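For reference, the chains in residue letters:
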Amino acid sequence: TSQKAQMICRKHFEQRNLLLETFSTERCTECPQAHYVLHEVCNDNRRIIELGHHAGFYDDAFTLPESQDYEWFYKPSVLYAPAVMLDRTNFHDIYPQLCDAETPIGHPEANRLTTLMEYALSVPAYATIDMQAATDEARRTATLTVNCQGILPYQGDARLFVFVSEDSVHSTTQAGSGGSFYHRHVARQSLTPTWGTTFDWQNGTSLTYHITLPDTWQTKQLRAVAFVAGYDENNRNNCQVLNTATASLNPLVQSGI
């Protein structure tokens, strides 16, 4: 006698990528060491897509309003950095010794992250995301087209989120770094509202975004990050990311996923 299990067949396999959201700021003395840990744990795994929010421990020049809104994922009145979320998912039921039951946010210890990442990457993709990006470096503009569609049954409120991030952003005022530090995958702009854009799960959607790139952004380090996630305004543990994709905005790199 075994437990009941639900089996679902689909027409094709869709690779799932993992969204790793980090919370850190220039005022956080422990954040530089945490980012070195992330560098080692991620190990250039292209299925791990990072998005850095400068929030959780005060703010700084890189803080976005959307990033501050995501402090909602923390336990009430318990803000800190460094911190991470993996696919906005709380893994407490599977790894109670590693995760807090109240929040999907946790500390970035290497062993903890390795275990949770391995599990998260084994979860099926519930949606497909396709992105095409084109950048005009002379005019400092970019056009991004995102297509997404559900491919497995999902009963929640699924939404599309799109960000522009910049990697290796140099700082000379990072606490705990000795005066020079390069920030990882900084969220530069949200192209969708804080809690995403609703779409037809069954039939999918195609959306185009036109972006003006400030002169201070290094185009060769820019990329778009798009992900589909659920949203439940009453439950921070019910906002799981269902799949994620990224596309480079580097005009020298052909970009399409």
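Residues numbered from 1 in each chain as written. Predicted model: local features only at pLDDT ≥ 70, side-chain atom pairs only at ≥ 80, totals over all residues. Heavy atoms only, no water.

Focus: the overall build of the protein
At step 1: Broken down by element type, the protein carries three helices and 14 strands.
At step 2: On C-alpha atoms alone, the protein measures out to a radius of gyration of 18 Å, which is about the 18 Å that the 2.2 N^0.38 rule sets for 257 residues.
At step 3: Judged by the C-alpha coordinates and their principal axes, the protein covers about 60 × 40 × 30 Å.
At step 4: A buried classification covers 52% of the 257 residues belonging to the protein.
At step 5: Looking at the protein alone, contacts between residues at least 24 apart form 72% of all its contacts between residues at least 6 apart. (Helix = DSSP H or I, 4+ residues; strand = E, 2+ residues; numbered from the N terminus. Rg over C-alpha atoms; globule rule 2.2 N^0.38 Å. Buried < 20%, exposed > 50% of the residue type's maximum accessible area, 1.4 Å probe, protein only. Contact = heavy atoms within 4.5 Å.)

Side note on helix 1 (residues 31-42)
One turn of the α-helix equals 3.6 residues, which is why residues spaced by three or four share an orientation.
At step 1: The end-to-end C-alpha distance of helix 1, which contains 12 residues, comes to 16 Å, matching closely the 16 Å that a straight helix rising 1.5 Å per residue would cover.
At step 2: Turning to helix 1, its buried residues number three or more, namely C31, P32, A34, H35, L38, V41 and C42.
At step 3: Lining the buried residues of helix 1 we find strand 1 (18-23), strand 2 (48-53), strand 3 (83-86), helix 3 (110-120) and strand 9 (181-183).
At step 4: Immediately downstream of helix 1, the backbone of N43 shows phi near 50 degrees, a positive value. (Expected span 1.5 Å × (residues − 1).)

So, the pattern of salt bridges
At step 1: Following the criterion strictly, the structure yields 10 salt bridges and no others.
At step 2: Residues K75 and E102 are paired through a salt bridge, measuring 3.8 Å at the closest nitrogen-oxygen approach. Of this pair, K75 sits in the loop between helix 2 (65-69) and strand 3 while E102 sits in the loop between strand 3 and strand 4 (105-106), and the two are 27 residues apart along the sequence.
At step 3: K75 sits in the partly exposed class, given a relative accessible area of 25%.
At step 4: A single network of salt bridges, built from pairs that share partners, joins K75, D100 and E102. (Salt bridge = Lys/Arg side-chain N within 4 Å of Asp/Glu carboxyl O.)

Description of the sheet that holds strand 12 (residues 205-212)
In a beta sheet, neighbouring strands pair by backbone hydrogen bonds and run either parallel or antiparallel.
At step 1: With respect to topology, three strands assemble into an open sheet ordered 5-6-12, the strand pairing being antiparallel. Among the strands making up the open sheet, the edge pair consists of strand 5 (127-136) and strand 12. The sheet shows a mean angle of 15 degrees between the axes of neighbouring strands, direction not considered. (Pairing = 2+ DSSP bridges. Axes fitted to C-alpha atoms, helices over the stretch in contact; angles between N-to-C directions.)

Topic: the state of the cysteines
At step 1: Under the defined criterion, the tally for this structure stands at one disulfide.
At step 2: Note on cysteine connectivity: C28 is disulfide-linked to C31, with sulfurs 2.3 Å apart. Around the S-S axis, the bridge from C28 to C31 shows a dihedral of about 90 degrees and counts as right-handed. With respect to class, C28 is no different from C31; both count as buried.
At step 3: Lacking any disulfide linkage, C42 is separated from the closest cysteine sulfur, that of C31, by 15 Å. (Disulfide = S-S within 2.5 Å.)

Notes on the packing of aromatic side chains
The description of two aromatic rings rests on the distance between their centres and on the angle between their planes.
At step 1: Evaluation of the coordinates by the stated rule reveals 18 aromatic pairs.
At step 2: Between the aromatic rings of Y74 and Y80, the centroid separation amounts to 5.3 Å while the plane-to-plane angle is 90 degrees, which identifies the pairing as edge-to-face.
At step 3: Between Y95 and Y119 the ring centres are 6.1 Å apart and the planes differ by 85 degrees, which places this aromatic pair in the edge-to-face class. Pair noted here: Y95 is in the loop between strand 3 and strand 4 and Y119 is in helix 3, with a separation of 24 residues, a long-range link.
At step 4: An aromatic cluster of three or more residues is present, and its members are Y70, W72, F73, F161, F163, W195, F227 and Y231.
At step 5: Directly above the ring of F161 sits R88, whose terminal nitrogen or CZ lies 4.9 Å from the centroid.
At step 6: Cation over ring: R236 sits above W72, and NZ or CZ is 5.7 Å from the ring centre. (Phe/Tyr/Trp six-rings, centres within 6.5 Å; stacked < 30°, edge-to-face > 60°. Lys NZ or Arg CZ within 6 Å of the ring centre and 35° of its normal.)

Observations concerning the environment of I211
At step 1: With respect to the element layout, I211 can be found in strand 12.
At step 2: I211 sits 67 residues away from L144 along the chain, and the two C-alpha atoms are 7.9 Å apart.
At step 3: Here I211 is in contact with R140, T141, A142, L144, V164, Q189 and L191, once residues within four sequence places are set aside.

Regarding the nonpolar core
At step 1: In this structure, I129, M131, L144, V146, L160, V162 and V228 are the most contacted members of the largest nonpolar core, which totals 27 residues.
At step 2: Elements that contribute at least two residues to this core include exactly strand 5, strand 6 (141-150), strand 7 (158-166), strand 12, strand 13 (222-230) and strand 14 (241-248).
At step 3: For V146, the contacting residues outside a window of four places in its chain are I129, D130, M131, L160, V162, T205, S206, L207, Y209 and A226. (Core = buried A, V, L, I, M, F, W, Y, C linked by side-chain atoms within 4.5 Å.)

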